[in-house]
Amino acid sequence: MKPYVDPDAVARLSSFVEGEYASSTVFPPKEDLFTALRYFEPAGTRVLILGQDPYFKPGQAHGLSFSVRPGVSVPPSLRNVYKELQDDLGVTPPSNGDLTPWAQQGVLLLNAVLTVRSGTPNSHAGKGWEEFTDGIIRAVNDSPYRVVFVLWGSYARKKAPLVTNSQHVVLEAGHPSPMNPRGFLGSKPFSKIEAALAEAGRGSITWS
């Protein structure tokens, strides 16, 4: 069986990432690098929400896309996600920006690039992470159970061709960033997720 990721590419990526942590300030902290994968089990994954790369300011990134730890101010993009959650499902948003409870229910909060230099967004793009995370997306695509792939923004939407299994559902919309005034708010992703999961008998996510 062909591996999802080329071992030589992983070795090159590992060398690059080790060097970056040794020479620069990199987020998330190394111990949080694979937080999303700690909750990941292909057969148990019900939703995949794809981000681009981690938050680049100190104290924000902790290994889950769009998420920040309790006590950290909720970033603007996540505020818009919470606003849409309330408008769509009438759900009172969580009291903080920690999305770990979503991850614990089979929501894979994956960034396409898992590291970033402090203060420099997209600084680790094109260094090998994309091949690694594309492999994860392919693994989820091979799940025998329905998964809802949530692709927000032009970068995430480019990954739609990786989802080839017809039982899955792909939801595309604009990025939730306030810099993108159209295309996200009003897209009703959460009710669509719930409907797709219910249709496949995969239960419901507690979003609050």
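Residues numbered from 1 in each chain as written. Predicted model: local features only at pLDDT ≥ 70, side-chain atom pairs only at ≥ 80, totals over all residues. Heavy atoms only, no water.

Looking at an unreviewed UniProt entry, one finds the protein named Uracil-DNA glycosylase, with Allocatelliglobosispora scoriae as its source organism. As its UniProt record puts it under Function (unreviewed entry), the protein is described as follows: "Excises uracil residues from the DNA which can arise as a result of misincorporation of dUMP residues by DNA polymerase or due to deamination of cytosine." (UniProt positions renumbered as here; feature names shortened; annotations may be inferred.)

### Topic: the UniProt feature "active site" (unreviewed entry) in the protein
Within this structure's numbering, the places UniProt gives as "active site" (unreviewed entry) are Asp53. A relative accessible area of 16% means that Asp53 is categorised as buried. When neighbours within four sequence positions are excluded, Asp53 is seen to be in contact with Asn111, Val113, Val116, Pro121, Asn122 and Ser123. Among the polar contacts listed, one links the side chain of Asp53 to the backbone nitrogen of Asn122, at a separation of 2.7 Å. (Buried < 20%, exposed > 50% of the residue type's maximum accessible area, 1.4 Å probe, protein only. Contact = heavy atoms within 4.5 Å. Polar contact = N/O pair within 3.5 Å; in protein donor to acceptor, adjacent residues only side chain to side chain.)

### Observations concerning the packing of helix α1 (residues 7–23) against helix α5 (residues 129–141)
At a closest axis distance of 9 Å, the pairing of α1 and α5 adopts a crossing angle of 125°. In terms of orientation, α1 lies oblique with respect to α5. The crossing of α1 and α5 is left-handed. When α1 is examined against α5, the residues Ala9, Val10, Leu13 and Val17 are found in contact with a partner set consisting of Trp129, Glu131 and Phe132. The class makeup of the residues in the contact of α1 with α5 is six nonpolar, no polar and one charged. (Axes fitted to C-alpha atoms, helices over the stretch in contact; angles between N-to-C directions. Helix = DSSP H or I, 4+ residues; strand = E, 2+ residues; numbered from the N terminus. Parallel < 35°, antiparallel > 145°, perpendicular 65-115°, else oblique. Left-handed = near helix turned anticlockwise from the far one by under 90°. Nonpolar A, V, L, I, M, F, W, Y, C, P; charged D, E, K, R; others polar.)

### Comments concerning the pairing of strand β6 (residues 169–173)
The side-chain alternation of β6 yields one buried face, formed by Val169, Leu171 and Ala173, and one unburied face, formed by Val170 and Glu172. As paired elements, strand β5 (residues 148–152) and β6 share five bridges and run parallel to each other. Each bridged residue has a counterpart across the sheet, and for Phe149 the counterpart in β6 is Val170. (Pairing = 2+ DSSP bridges.)

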